[in-house]
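Inside the fold
Take a look at the letters that make up each chain.
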Protein chains: 2
Amino acid sequence: MTQDDSDEYRTLSEDPECRETALPALDSWITPTERFYVRNHFSKIPDASPATWRLSIEGEVETPSNLGYEELSSLPARTVVATLECAGNSRSYLTPPAEGVGFRHGAVGNAEWTGVPLRELLSRAGPKQGTVEVLFEGADSGEEEEEGVKLEIDYARSLPLEKALDHDTLVAYQMNGETLQPVHGYPLRLIVPGWYGMASVKWLRRITVLATPYEGFFQRRRYVYIRNGEAQSNWQPVTSLQVKSLITVPRHGEVVRPGQFTVQGVAWSEGCEITRLELSTDGGRRWQDADLFGPQAAGAWRRWKSDWLATTPGHFILMCRAVDSRGNTQPASMPWNFRGYANNSIHSIAVEVPGEQ
Amino acid sequence: MTQDDSDEYRTLSEDPECRETALPALDSWITPTERFYVRNHFSKIPDASPATWRLSIEGEVETPSNLGYEELSSLPARTVVATLECAGNSRSYLTPPAEGVGFRHGAVGNAEWTGVPLRELLSRAGPKQGTVEVLFEGADSGEEEEEGVKLEIDYARSLPLEKALDHDTLVAYQMNGETLQPVHGYPLRLIVPGWYGMASVKWLRRITVLATPYEGFFQRRRYVYIRNGEAQSNWQPVTSLQVKSLITVPRHGEVVRPGQFTVQGVAWSEGCEITRLELSTDGGRRWQDADLFGPQAAGAWRRWKSDWLATTPGHFILMCRAVDSRGNTQPASMPWNFRGYANNSIHSIAVEVPGEQ
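Here is what the cut-offs are and how they apply
- Residues numbered from 1 in each chain as written.
- Chains lettered and ligands numbered in written order.
- Predicted model: local features only at pLDDT ≥ 70, side-chain atom pairs only at ≥ 80, totals over all residues.
- Helix = DSSP H or I, 4+ residues; strand = E, 2+ residues; numbered from the N terminus.
- Rg over C-alpha atoms; globule rule 2.2 N^0.38 Å.
- Buried ≥ 20, exposed ≤ 12 C-beta atoms within 10 Å, placed from the backbone.
- Pairing = 2+ DSSP bridges.
- Core = buried A, V, L, I, M, F, W, Y, C linked by C-beta atoms within 7 Å.
- Contact = placed C-beta atoms within 7 Å.
- Nonpolar A, V, L, I, M, F, W, Y, C, P; charged D, E, K, R; others polar.
- Domains from an automatic or database assignment.
- Least-squares fit on C-alpha atoms with pLDDT ≥ 70 in both.
- Arc of directions from axis to C-beta.
- pLDDT = per-residue confidence, 0-100.

1. A look at the overall build of chain A
Along the backbone of chain A there are four helices and 23 strands. Taking 21 Å as the expected radius of gyration for a compact globule of 357 residues, we find that chain A reaches 21 Å, a close match to that expectation. Expressed as lengths along the three principal axes of its C-alpha atoms, the size of chain A is roughly 75 × 45 × 35 Å. Here chain A, with 357 residues, has 50% of them falling under the buried criterion.

2. Digging into the sheet that holds strand 18 (residues 274-280) of chain B
Residues and elements named next belong to chain B. Strand order in this open sheet of four strands is 19-18-22-23, and the pairing throughout is antiparallel. The open sheet terminates on both sides in strands that have one partner only, identified here as strand 19 (288-289) and strand 23 (347-353). With two bridges connecting them, strand 18 and strand 19 associate as antiparallel partners. Bridge pairing in strand 19 places E278 opposite D289.

3. Observations regarding the sheet that holds strand 3 (residues 38-39) of chain A
Residue and element names in this part refer to chain A. Reading across from one edge, 1-2-3 is the order of the three strands in this open sheet, with antiparallel pairing throughout. The open sheet has two edge strands with one neighbour each: strand 1 (9-14) and strand 3. When strand 2 (residues 17-21) meets strand 3, the two strands line up antiparallel, connected through two bridges. When the bridges of strand 3 are listed, R19 appears paired with V38.

4. A word on the nonpolar core
The biggest cluster of nonpolar side chains holds 193 residues, and the ones touching the most others in it are V171, Y196 and L318 of chain A together with V171, Y196 and L318 of chain B. Setting aside chain neighbours within four positions, we find V171 of chain B in contact with L72, G115, V116, L118, L121, L188, L190 and L204 of chain B.

5. Details of the pairing of strand 5 (residues 65-68) of chain B
Residues and elements named next belong to chain B. Where strand 4 (residues 54-59) meets strand 5, four bridges bridge the pair, whose relative direction is antiparallel. Looking across to strand 5, one finds that L55 is bridged to L67. Count of turn residues in the strand 4/strand 5 antiparallel hairpin: five residues.

6. Re the interface of chain B and chain A
Counting from both sides, the interface comprises 34 residues of chain B and, opposite them, 34 residues of chain A. Broken down by secondary-structure element, the contributors of at least two residues to the side of chain B that touches chain A are strand 22 (314-324) and strand 23 of chain B. If one sorts the elements of the side of chain B that touches chain A by residue count, strand 22 of chain B sits on top with four residues. Looking at the side of chain B that touches chain A, its residues break down into 14 nonpolar, 17 polar and three charged.

7. Structural notes on the domain arrangement of chain A
Residue and element names in this part refer to chain A. Assigned domains within chain A: domain 1 (9-237) and domain 2 (244-353). If you average the C-alpha positions of domain 1 and of domain 2, the two centres end up 27 Å apart. Contact with domain 1, which involves 31 residues of that partner, is made by 28 residues of domain 2. By residue class, the composition of the side of domain 1 that touches domain 2 is 17 nonpolar, nine polar and five charged.

8. Looking at the relation of the copies chain B and chain A
Note on the identical chains: chain B maps onto chain A by a rotation of 180° and an axial translation of 0.0 Å, with an RMSD of 0.0 Å. Here the transformation between the copies is reduced to the relation of a two-fold axis. Ranked by how close their C-alpha atoms come to the rotation axis, the residues of chain B are headed by Y93 of chain B, at 3.8 Å. Taken together, the interface assignments show that 100% of the residues at the interface of chain B recur at the interface of chain A, consistent with an identical surface on both copies.

9. Comments concerning the pairing of strand 17 (residues 259-268) of chain B
Residues and elements named next belong to chain B. Of all the ten residues making up strand 17, seven are buried; the element is thus mostly covered by neighbouring parts of the structure. Judged from the nine bridges that link them, strand 17 and strand 21 (residues 302-310) form a sheet pairing that is antiparallel. Its bridge partner lying in strand 21, A267 is registered against R302.

10. Some remarks on the environment of G115 of chain B
All names here are of chain B. Relative to the helices and strands, G115 is located in strand 7 (residues 108-117). Here the alpha-carbon distance between G115 and A98, two residues 17 residues apart in the chain, equals 35 Å. Apart from residues no more than four positions distant in its own chain, G115 is found in contact with A77, L170, V171, A172, Y173, Q174 and I191.

11. So, helix 2 (residues 118-125) of chain A
Residues and elements named next belong to chain A. Buried within helix 2 we find L118, L121 and L122. Angular distribution of buried residues about the axis of helix 2 spans 95°; they occupy a single face of the element. Next to the buried residues of helix 2 lie strand 4 (54-59), strand 7 (108-117), helix 3 (161-164) and strand 10 (170-175). Count one or two residues on from helix 2 and you reach G126, which has phi positive near 75°.

12. Comments concerning unusual backbone geometry
The linkage connecting V249 of chain A with the following residue, P250 of chain A, adopts the cis geometry, with an omega of 0°. Looking at the secondary structure, you find P250 of chain A in the loop between strand 16 (244-249) and strand 17 (259-268). Positive phi values are uncommon outside glycine, yet A342 of chain A reaches one of about 60°. Within the fold, A342 of chain A resides in the loop between strand 22 (314-324) and strand 23 (347-353). Even without being a glycine, S90 of chain B presents a positive backbone phi close to 70°. Structurally, S90 of chain B is set in the loop between strand 6 (78-85) and strand 7. Owing to 25 C-beta atoms within 10 Å, S90 of chain B belongs among the buried residues under this scheme.

13. What about the confidence of the model for chain A?
Residue and element names in this part refer to chain A. Per-residue pLDDT for chain A averages 95, and the proportion of residues at 70 or more is 98%. Here residues 1-6 is a poorly scored stretch, pLDDT under 50, and it has 15 contacts once near neighbours within four places are set aside; other chains count. Here the prediction assigns the complex a pTM of 0.94, and the interface score ipTM is 0.92.

14. A few points about the environment of P97 of chain A
With respect to the helices and strands, the residue P97 of chain A is situated in the loop between strand 6 (78-85) and strand 7. When the C-alpha atoms of P97 of chain A and G115 of chain A are compared, they prove to be 38 Å apart, with 18 residues separating the residues in sequence.

15. Thoughts on the environment of H105 of chain A
Locating H105 of chain A in the fold gives a position in the loop between strand 6 and strand 7. Beyond its immediate chain neighbours, meaning those up to four positions away, H105 of chain A contacts L23, N89, S90, L246 and H347 of chain A.

Printed below as a string of structure tokens:
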């Protein structure tokens, strides 16, 4: 079967642990932690003891430091609501098939994150003149294969200095008001609103300010766009979220009762406002404006809904497309890239309106 | 993983038995019987004894008859090479997902079929004036569910009288020079070149000439096109093959040695000639004519090949598209239908040309 699972949470891989949320379970402002998608890279979730965990801040800084978990969590905190989406979300729907964990549409979620603004930590450390990037290393490591060679590597990803200094970029220790779960990065996780999930480094243990761009495995070999015929020297790292929307209700394949029906979903973009959401209930011929509703936050998704009067029996294709405040919208089909990153093509589902029995 | 299996034969379902061939195993004129795709509808393969098997010819005919297996196989025989493709082939690649067994591209094959031309049998029986269709019933039966109601049904499908009288439509008892295998319809299978596989009724036991169109389950409920918003009264039965082509070599995801490489494949249409095959090695920007080669037969596929000088390292999208003698060609993407029938959109694969190590 090529259809969506009926379970609320789907396991794609046990080792490394990869799970995604079924679309109906995304139909809320906050995604419950226990159903929040997981995309880990290695077998082992790092052992973390708050008593011994240290986060070091080093590299091109005036004052390197090494903070304990208690010390960090006693600093002034900030809470942001932010949507994380795995770069490989919706990869399954690319043609030709893309390489990687076969996520459908559920490797996305919206959560409340609490922690210390990274800019506070960087400001205390004092980046030197001429620094360009900040590198984040997790405590997770393992083997990756590249061109037949096995490499033992740690998970590490960098941000441009400017993004690192964004006041919503956090070193988080809470998710949805509770201590981070081990699978989500306990004790500390970088949270980078507006960027794909690979930037939000879990089990964060080292921050290094750099004078030259980082060229490590997860920056130059994975989480890069590899397009048709593109030379390796042109591979670009995956960075910010593309505008995207999903239908969460009804579910693909659902039989809906004839009459008025409310179609609902979520829409997000890179830290900018969703200004318009259109719904089609006839396979893309006509589009109607949906209502945006519920809470709003810069890096968070927006909920939307639209009434549909389903009177004629038949099978109908519902599609949604979002427009953001920069005028970006979603393509009917996204050009292929080797690992299927950032597929934000228009989501479509089919539902049945039954006839008289 | 969303990629093609590396095995030569892939099982999609054990009950009913459904199997497809991996693309590299389709890279020949004749598909070996042991890897030929299977799409059965019910659990049980009918028990068949040549000594007791009877094929009845009845309905609107002057002279009904009831032939034994020995009698049939002693009649003048005809051998045709014909491509059978399951109507649900390539269904997995539709958006939104289509209902049904998740075939990739391998539910197709080309075989040599030997049997009695149906027109000979019909001509002996003498259809009466005003007959319009001929119904074919297999010995397979089981339960199907429709709108919550379970039905006990036999597999049955009809043909217009004209197609039934085509001189290549056979009541076959051999496949690739050997007695039919049970899974492929032993002892008798209707072979309808130019139509999707559902017309080639297996375990054939009754032929009924009809004065009115057949309205049974597999004619009006299954193997029908159900498009967006279409009323049931407009559902059209699936009939003839749409023009289509596949790349069989290289395989999706293959790492090809830099240098000259021969891309190969197959192409077919409804009993008419493939006049042109184009290959793109840059994701569809430019197209080059491929060479058609090997044997030709009216209802059979044609092989094609084209050289590709793969010199630059990178990941490349290869695509092929066929044109037939009626000017039909393949769409970039096929409009959705509920059961995903007849998906003949352009086949694309991605291959890697490695760089210097």
